[in-house]
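Read off the chains here:
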Amino acid sequence: NAGVTQTPKFRVLKTGQSMTLLCAQDMNHEYMYWYRQDPGMGLRLIHYSVGEGTTAKGEVPDGYNVSRLKKQNFLLGLESAAPSQTSVYFCASRLTDVSSYNSPLHFGNGTRLTVT
Amino acid sequence: DAKTTQPPSMDCAEGRAANLPCNHSTISGNEYVYWYRQIHSQGPQYIIHGLKNNETNEMASLIITEDRKSSTLILPHATLRDTAVYYCIVSLSPGGTSYGKLTFGQGTILTVHP
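Given the structure is predicted, the values throughout are model-derived calculations rather than measurements.

Caption draft 1: The arrangement of the overall build of chain A in detail. Each helix and strand in chain A was counted, giving zero helices and 11 strands. Element order for chain A, N to C, with α for helix and β for strand: β-β-β-β-β-β-β-β-β-β-β. Its C-alpha atoms give chain A principal-axis dimensions of roughly 45 × 30 × 25 Å. Looking at chain A residue by residue over its 116 residues, the buried ones come to 48%. In chain A, the share of contacts with a sequence separation of at least 24, taken over all contacts with a separation of at least 6, comes to 56%. Computing the positive centroid from 11 side-chain charges and the negative centroid from 8, chain A places the two 7 Å apart.

See the structure below:
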């Protein structure tokens with residue numbers, strides 16, 4: 001049981017390049033989230049998904065797109081990277097059925113992205 | 001979601017209890033208190049949560065005041081590996097109006113000394 005796995009762990013992009021961050025969970029969780037963490041800013045929600053085929057915007061969605069084609073995977077895309085998107089990106093998931101009414105978030109260990 | 005206030009940093013000697021306070025004076029009746037921690041370079045880790053009653057698990061204890069306006073996370077025997085940023089979060093349950101999003105503030109940096 002790997003939990004939440006993020007790939008890649010590190011990446012350096014040049015301004016204008018694109019990339020996709022992959023989040024995979026093997027816990028059969030319905031909800032999945034993408035956060036970014038910047039010094040002094042705490043964790044901020046980018047996008048989230050409440051189930052396969054559905055996505056929604058969080059607090060800071062601009063410049064990002066997401067897709068949830070399979071229940072276990074949640075992809076975060078940067079179409080044209082900017083230096084302001086230099087950050088550590090965390091994926092998380094959680095159960096939502098009645099038996100786990102207040103199930104906690106399970107986080108991956110992050111992707112460290114630098115945009116030059 | 002209600003806002004929380006935590007001290008920016010705390011120190012604790014190894015082997016002693018670490019008591020981390022959190023104020024959440026605007027908490028509403030159906031909001032839970034969650035605690036997470038983040039060890040350097042890792043993703044946040046769930047510790048414990050509660051509504052009204054005190055809670056205990058293998059990692060920690062959570063003491064919530066009777067008026068629910070504050071709480072304390074207790075690590076009974078702190079070790080060097082407990083050095084981390086600890087986040088106190090107040091949030092509705094997933095079944096309520098919230099979609100399960102947890103808002104992380106700045107947290108408390110706990111440093112455990114030998």
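From this point, the narrative continues.
Caption draft 2: Examining the interface of chain A and chain B more closely. Chain A puts 21 residues into the contact, and the matching count from chain B is 21 residues. Linking chain A with chain B are zero salt bridges. Counting across the chain A and chain B interface gives five residue pairs in polar contact (both at pLDDT 80 or more). Looking at the side of chain A that touches chain B, the elements that each hand over two or more residues are β4 (31-38), β5 (42-51) and β9 (87-94) of chain A.

Caption draft 3: Inspection of the sheet that holds strand β4 (residues 45-50) of chain B at higher detail. All names here are of chain B. The sheet built from five strands is open, its strands ordered β1-β9-β8-β3-β4 with mixed pairing. Of all the strands in the sheet, just β1 (9-13) and β4 have a single pairing partner and so form its edges. This sheet shows a mean twist of 25 degrees between the axes of neighbouring strands, independent of strand direction. Bridge count between strand β8 (residues 84-92) and strand β9 (residues 108-113): three bridges; the pairing is antiparallel. Within the sheet, the bridge partner assigned to valine 85 lies in β9 and is isoleucine 109.

Caption draft 4: Local environment of the state of the cysteines. The final tally for this structure, using the stated rule, is two disulfides over all chains. Here A:Cys23 is linked by a disulfide to A:Cys91, with a sulfur-sulfur distance of 1.9 Å. As the torsion about the S-S bond is roughly -75 degrees, the A:Cys23-A:Cys91 disulfide counts as left-handed. Of this pair, A:Cys23 sits in strand β3 (residues 19-25) while A:Cys91 is found in strand β9, placing the two residues 68 residues apart along the sequence. Like A:Cys23, the residue A:Cys91 is buried in the burial classification. Considering cysteine sulfurs only, B:Cys22 is the nearest to B:Cys12, which forms no disulfide, with 18 Å between them.

Caption draft 5: Main features of the side chain of A:Thr111. Residue and element names in this part refer to chain A. Its location among the elements puts threonine 111 in strand β11 (residues 111-115). At 2.6 Å, the side chain of threonine 111 forms a polar contact with the backbone oxygen of proline 8. Residues contacting threonine 111, with those up to four places away along its chain left out, are Gln6, Thr7, Pro8, Lys9, Leu21, Ser87, Val88 and Tyr89.

Caption draft 6: Seen up close, unusual backbone geometry. Cis peptide bonds are those with omega within 30 degrees of zero, and the linkage from A:Thr7 to A:Pro8 qualifies with -5 degrees. Tracing the backbone shows A:Pro8 in the loop between β1 (4-7) and β2 (10-13). If you check the backbone angles, A:Asn28 has positive phi at about 60 degrees while not being a glycine. Note on placement: A:Asn28 falls in the loop between β3 and β4. Among the residues examined, A:Asn28 registers a relative accessible area of 52% and is labelled exposed. For B:Ser41, which is not glycine, the phi torsion reads 70 degrees and is therefore positive. Looking at the element boundaries, B:Ser41 is found in the loop between β3 (31-38) and β4.

Criteria and cut-off values
Residues numbered from 1 in each chain as written. Chains lettered and ligands numbered in written order. Predicted model: local features only at pLDDT ≥ 70, side-chain atom pairs only at ≥ 80, totals over all residues. Heavy atoms only, no water. Helix = DSSP H or I, 4+ residues; strand = E, 2+ residues; numbered from the N terminus. Buried < 20%, exposed > 50% of the residue type's maximum accessible area, 1.4 Å probe, protein only. Contact = heavy atoms within 4.5 Å. Lys, Arg positive; Asp, Glu negative; His and termini not counted. Charge placed at Lys NZ, Arg CZ, Asp CG, Glu CD. Salt bridge = Lys/Arg side-chain N within 4 Å of Asp/Glu carboxyl O. Polar contact = N/O pair within 3.5 Å; in protein donor to acceptor, adjacent residues only side chain to side chain. Pairing = 2+ DSSP bridges. Axes fitted to C-alpha atoms, helices over the stretch in contact; angles between N-to-C directions. Disulfide = S-S within 2.5 Å.

That's the geometry; what it means functionally is another story.
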